[in-house]
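What the coordinates show
Chain by chain, the residues run as shown.
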Amino acid sequence: MRYPVFEPEVTEADVEAVAAAVRAGEISGSFGESIPAFERAFAAFCGCKHGVAVSSGTTALHLAVAAAGIGPGHEVLISASTNIATGLAPFFQGADIVPVDSEPDTWNLDLNQLEELIGPRTRAVIPVHLYGHPVDMDRLGEIARRHDLVVIEDAAEAHGAECRGRQVGGLGHMGCFSFYANKVITTGEGGMVVTNDDRLADQLRLLRNLAFGKPRFLHEQVGFNYRMTGMQAALGLSQLGRLGSVIEAKRRLAGWYLRHLAGIDGLQLPAERDWARNVYWMVAVAVEEAFGLTRDELAAILARDGIDIRTFFCPMNLQPCLQPRLSPRGASCPVAESLWRRGLYLPSSTNLTEDDVASIAGAIRRARDLGRPPAGGVVR
Ligand SMILES: *Cc1c(COP(=O)(O)O)cnc(C)c1O
């Protein structure tokens, strides 16, 4: 058997929805009903007033940072362990970046370290709900309010995740989602910014569409073309109808992994805090010293069994491209750096069965047994 790390689920109904949009002329980002319909439906799913559909999660984050008025001379706190897109958003705006190290168990930004990293130029914080586990947005919101920070959630991996029963995306000033092929639902390429703030929604819509003014070809502000196309929105609407069952399937898959991987020494399993609903975008684990093999040795053995993995993200403080804008205050992130060496995520497609998970877990146990001396014995 071969187990790719992820395969997107595109149904015949999805294909029909896209074909219908194309037939109706909903080609680009300026026409048709699918875009506003997808925006309304996704915003409602998040419990938010406004949704602004864009071309990717990367452009969602950049648009949100731009709409918040972040620019040169400002600092933005971000989770250290994340996709480069989180770091690029403030970078594109000329702002400085302060990575915040990770918690050892949820792998999200460590709120105990947040306050000491806030300085006089700090304007915003971008928490990332990594691998589907929500950040404690109640505690983060309390700190952000005290320091008057704009809160932009990076929920690219966390559609439907919950913090004390409230869904992510609407828990800060703006929430950014991705609909890339491997995300919880997909539009091929695509993203969305959700917000409850009318003024921010207007600014997001304006900047998304080149900041067209009045008269039409007069532009007061520097905007972007970050529009989503109508045919992508039609795919998104069709996928959104299944989102609840996709999340259930992901949680079921994670449950099987937790059961079949339980009790393996030196393998740290994903957490779910008692106040959290983790949507397990990907089932991630971290290899500890007690495992007897390094992460890379384990990955090489699993690859021989056809089991595909991905490593954790390289933390933002180590990214060569971000160095010119990196604040010295966030220069060291030992937990995120260690996760970059030790973390991996396992095959997480929703079409996997419990037997598949059992056989992947079996391969991990066999690899572990190779890496350690037999109990009580001596390695010859
Ligand atoms: C995927 C991802 C992004 C970027 O989304 P794209 O649609 O690929 O541009 C941003 N942040 C996180 C945490 C992601 O996982």
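This write-up is about the structure you can find in this document. (Residues numbered from 1 in each chain as written. Predicted model: local features only at pLDDT ≥ 70, side-chain atom pairs only at ≥ 80, totals over all residues. Heavy atoms only, no water.)

**Observations concerning the overall build of the chain**
Along the chain, the regular secondary structure elements total twelve helices and 14 strands. Taken over the C-alpha trace, the chain has a radius of gyration of 21 Å; the compact-globule value for 380 residues is 21 Å, and the two agree within 12%. C-alpha extents for the chain along the principal axes are approximately 80 × 55 × 35 Å. In the chain, buried positions account for 57% of the 380 residues. Contacts in the chain between residues at least 24 apart in sequence constitute 71% of all its contacts with a sequence separation of at least 6. For the chain, the exposed area adds up to about 15,800 Å²; of that, 54% sits on carbon and sulfur atoms. Considering the chain, the positive charge centre built from 37 side chains and the negative charge centre built from 44 side chains are found 1 Å apart. (Helix = DSSP H or I, 4+ residues; strand = E, 2+ residues; numbered from the N terminus. Rg over C-alpha atoms; globule rule 2.2 N^0.38 Å. Buried < 20%, exposed > 50% of the residue type's maximum accessible area, 1.4 Å probe, protein only. Contact = heavy atoms within 4.5 Å. Areas by Shrake-Rupley, 256 points an atom, 1.4 Å probe, with all protein chains shown as cover. Lys, Arg positive; Asp, Glu negative; His and termini not counted. Charge placed at Lys NZ, Arg CZ, Asp CG, Glu CD.)

**Focus: the sheet that holds strand S14 (residues 343-346)**
On the basis of which strands lie adjacent, the open sheet formed by four strands has the order S10-S12-S14-S13 and antiparallel pairing. On the outer flanks of this sheet lie strand S10 (267-268) and strand S13 (310-311), each paired with one strand and no other. Bridging between strand S12 (residues 283-287) and S14 involves four bridges; their strand directions are antiparallel. Counted as the bridge partner of Ala286 is Gly343 from S14. (Pairing = 2+ DSSP bridges.)

**Description of the nonpolar core**
Counting residues in each nonpolar core, the largest one holds 58 residues, and the members touching the most others are Phe42, Leu77, Leu114, Tyr131 and Leu140. Of all the secondary-structure elements, those providing two or more residues to this core are helix H2 (34-45), strand S3 (96-100), helix H5 (111-114), helix H6 (137-146), strand S9 (191-195), helix H8 (230-240), helix H9 (243-261) and S12. Counting residues in hydrophobic clusters, the runner-up holds 32 residues, among them Leu61, Cys176, Leu204 and Phe224. (Core = buried A, V, L, I, M, F, W, Y, C linked by side-chain atoms within 4.5 Å.)

**Looking at the packing of aromatic side chains**
Under the defined criterion, the tally for this structure stands at 14 aromatic pairs. Between Phe38 and Phe179, the aromatic rings sit 5.2 Å apart at their centres with planes inclined by 55 degrees, giving tilted as the arrangement. With Phe38 in helix H2 and Phe179 in the loop between strand S8 (174-178) and S9, the pair connects residues that are 141 residues apart, well separated along the chain. Members of the aromatic cluster, joined through ring pairs, are Trp107, Tyr131, Trp281, Phe312, Phe313 and Tyr345. The ring of Phe212 carries Arg216 above its face, with NZ or CZ at 4.1 Å from the centroid. Sitting over the face of the ring of Phe91, Arg325 holds its NZ or CZ atom 4.5 Å from the ring centroid. (Phe/Tyr/Trp six-rings, centres within 6.5 Å; stacked < 30°, edge-to-face > 60°. Lys NZ or Arg CZ within 6 Å of the ring centre and 35° of its normal.)

**Section: the site of the ligand**
In the region of the ligand, 16 residues are neighbours, and Gly57, Thr58, Glu157, Ser178 and Lys183 sit closest. Take Ser178: an N or O atom from its side chain is 2.7 Å from an oxygen atom of the ligand. The fraction of the free accessible surface of the ligand (380 Å²) that becomes covered by protein chains is 92%. Here the ligand occupies the largest pocket. When grouped by side-chain class, the residues that make up the shell around the ligand number five nonpolar, eight polar and three charged. (Near = heavy atom within 4 Å. Polar contact = N/O pair within 3.5 Å; in protein donor to acceptor, adjacent residues only side chain to side chain. 1 Å grid on protein atoms, 1.4 Å probe; cavity = no way out; pocket = protein on both sides within 12 Å on 5 of 7 lines; lining within 4 Å. Sits in = over half its atoms within 2 Å of the grid points. Nonpolar A, V, L, I, M, F, W, Y, C, P; charged D, E, K, R; others polar.)

**Examining the packing of H9 against helix H12 (residues 354-371)**
Direction vectors running N to C along H9 and H12 enclose 35 degrees, while the axes themselves pass 9 Å from each other. Viewed along their axes, H9 and H12 form a crossing whose handedness is right-handed. The residues of H12 that touch H9, namely those facing Leu253, Trp256, Tyr257, Arg259, His260 and Leu261, are Glu354, Val357, Ala358, Ile360, Ala361, Ile364 and Arg365. Here the residues of the contact of H9 with H12 are counted per class, giving nine nonpolar, one polar and three charged. (Axes fitted to C-alpha atoms, helices over the stretch in contact; angles between N-to-C directions. Left-handed = near helix turned anticlockwise from the far one by under 90°.)

**A few points about the sheet that holds strand S11 (residues 276-277)**
Pairing within the open sheet is antiparallel, and its three strands lie in the order S7-S6-S11. Bordering the open sheet on either side are strand S7 (166-167) and S11, each of which pairs with just one other strand. Two strands pair when backbone bridges link them, and strand S6 (residues 162-163) and S7 are joined in this way by two bridges, in the antiparallel orientation. Bridging from a neighbouring strand, Cys163 pairs with Arg166 of S7.

**Considering helix H3 (residues 57-67)**
Across the eleven residues that make up H3, a large majority, ten, are buried. When we look at burial in H3, the residues that qualify are Gly57, Thr59, Ala60, Leu61, His62, Leu63, Ala64, Val65, Ala66 and Ala67. For H3, the N-terminal cap is Ser56; the gap from its side-chain oxygen to the backbone nitrogen of Thr58 is 3.2 Å.

**Some points on the side chain of Asn317**
With respect to the element layout, Asn317 can be found in the loop between S13 and helix H11 (334-342). A polar contact is formed between the side chain of Asn317 and the side chain of Glu337, at a distance of 2.7 Å. Setting aside chain neighbours within four positions, we find Asn317 in contact with Pro99, Gln323, Leu326, Gly330, Ala331, Ser332, Cys333 and Glu337.

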